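Here are the chains, one letter per residue:
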Amino acid sequence: MASSTVISAPASFRKAIEQQPKDVTGYGALSDVYVRQRDLDAATKAIDDGLRAQPGNLGLRYAAASVMILKGQHEAAIEQYESILKSQPSALLAVNNLVSLMLDHRSDSDSGT
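When you line up the elements, Gln80 lands in helix α5 (residues 74-87). Gln80 has contacts with Arg61, Ala64, Ala65 and Met68, leaving out every residue within four places of it along the chain.

Listed below in structure tokens is the structure:
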């Protein structure tokens, strides 16, 4: 039963998106399902579609960075967090995640020190 629910979830969220394409909730939920299914390319597409519907949505931008990290795209995730901080300088979660990524995935030569 649980596995059939997970399998049918993407179709349900896509239907919700069709009915309300400007509401990013469906895009975020769809990307979450795809992440759980380990379909990171589909998760990225859902996030990108959501960002086209509502450019700059902070929740989707965080989701994009998370998927980038799962894909091993650490530099892209760093750039995403830097972009979030340009538009939201007080976004403490972005600060925390950016510092963590930079400490874990940039060498001294990468950081200019």
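A few words on the pattern of salt bridges. For the structure on display, the rule yields three salt bridges. The residue Arg52 makes a salt bridge to Asp49 at a minimum N-O spacing of 2.2 Å. In this pair, Arg52 and Asp49 are both assigned in helix α3 (residues 40-53), three residues apart and thus about one turn of the helix distant. Among the charged side chains, a salt-bridge network with shared partners connects Lys45, Asp49 and Arg52.

This part covers the nonpolar core. In terms of nonpolar packing, the biggest core is built from 28 residues, with Tyr81 and Ala94 touching the most fellow members. Elements represented by at least two residues in this core include exactly α2 (25-36), α3, α4 (58-70), α5 and α6 (92-105). At seven residues, α3 tops the list of elements feeding residues into this core. Setting aside its immediate chain neighbours within four residues, Tyr81 contacts Tyr62, Ala65, Ser66, Ile69, Ala94, Asn97, Leu98 and Leu101.

Take unusual backbone geometry next. The backbone of Arg38 shows a phi angle near 65°, a positive value even though the residue is not glycine. Relative to the helices and strands, Arg38 resides in the loop between α2 and α3.

In this fold, Leu93 is placed in helix α6. Look at Leu93 and you get partly exposed, because its relative accessible area is 47%. Distance in space between the C-alpha atoms of Leu93 and Tyr62 is 9.1 Å, their sequence separation being 31 residues.

So, about the packing of α3 against α4. Closest axis-to-axis distance for the α3/α4 pair is 10 Å, and the angle between their directions is 160°. Comparing their axes, α4 and α3 come out roughly antiparallel. Remark: the crossing between α3 and α4 carries left-handed chirality. Between α3 and α4, the contacting residues are Leu40, Ala43, Thr44, Ile47, Gly50 and Leu51 on the first element and Leu60, Arg61, Ala63, Ala64, Val67 and Leu70 on the second. Broken down by class, the residue content of the contact of α3 with α4 amounts to nine nonpolar, two polar and one charged.

A few words now on a nonpolar patch on the surface. Residues Leu92, Val95, Val99 and Leu103 make up a contiguous nonpolar surface patch of about 400 Å² in total accessible area. Mapped onto the elements of the fold, Val99 is located in helix α6.

The next subject is the environment of Thr44. Relative to the helices and strands, Thr44 is located in helix α3. Aside from chain neighbours lying at most four places away, what touches Thr44 is Val67 and Lys71. For Thr44, the side chain forms a polar contact with the side chain of Lys71, separated by 3.2 Å.

Here is what the cut-offs are and how they apply
- Residues numbered from 1 in each chain as written.
- Predicted model: local features only at pLDDT ≥ 70, side-chain atom pairs only at ≥ 80, totals over all residues.
- Heavy atoms only, no water.
- Helix = DSSP H or I, 4+ residues; strand = E, 2+ residues; numbered from the N terminus.
- Contact = heavy atoms within 4.5 Å.
- Salt bridge = Lys/Arg side-chain N within 4 Å of Asp/Glu carboxyl O.
- Core = buried A, V, L, I, M, F, W, Y, C linked by side-chain atoms within 4.5 Å.
- Buried < 20%, exposed > 50% of the residue type's maximum accessible area, 1.4 Å probe, protein only.
- Axes fitted to C-alpha atoms, helices over the stretch in contact; angles between N-to-C directions.
- Parallel < 35°, antiparallel > 145°, perpendicular 65-115°, else oblique.
- Left-handed = near helix turned anticlockwise from the far one by under 90°.
- Nonpolar A, V, L, I, M, F, W, Y, C, P; charged D, E, K, R; others polar.
- Patch = residues over 30% accessible without salt bridge, like charges linked within 9 Å, V, L, I, M, F, W, Y side chains within 5 Å.
- Areas by Shrake-Rupley, 256 points an atom, 1.4 Å probe, with all protein chains shown as cover.
- Polar contact = N/O pair within 3.5 Å; in protein donor to acceptor, adjacent residues only side chain to side chain.

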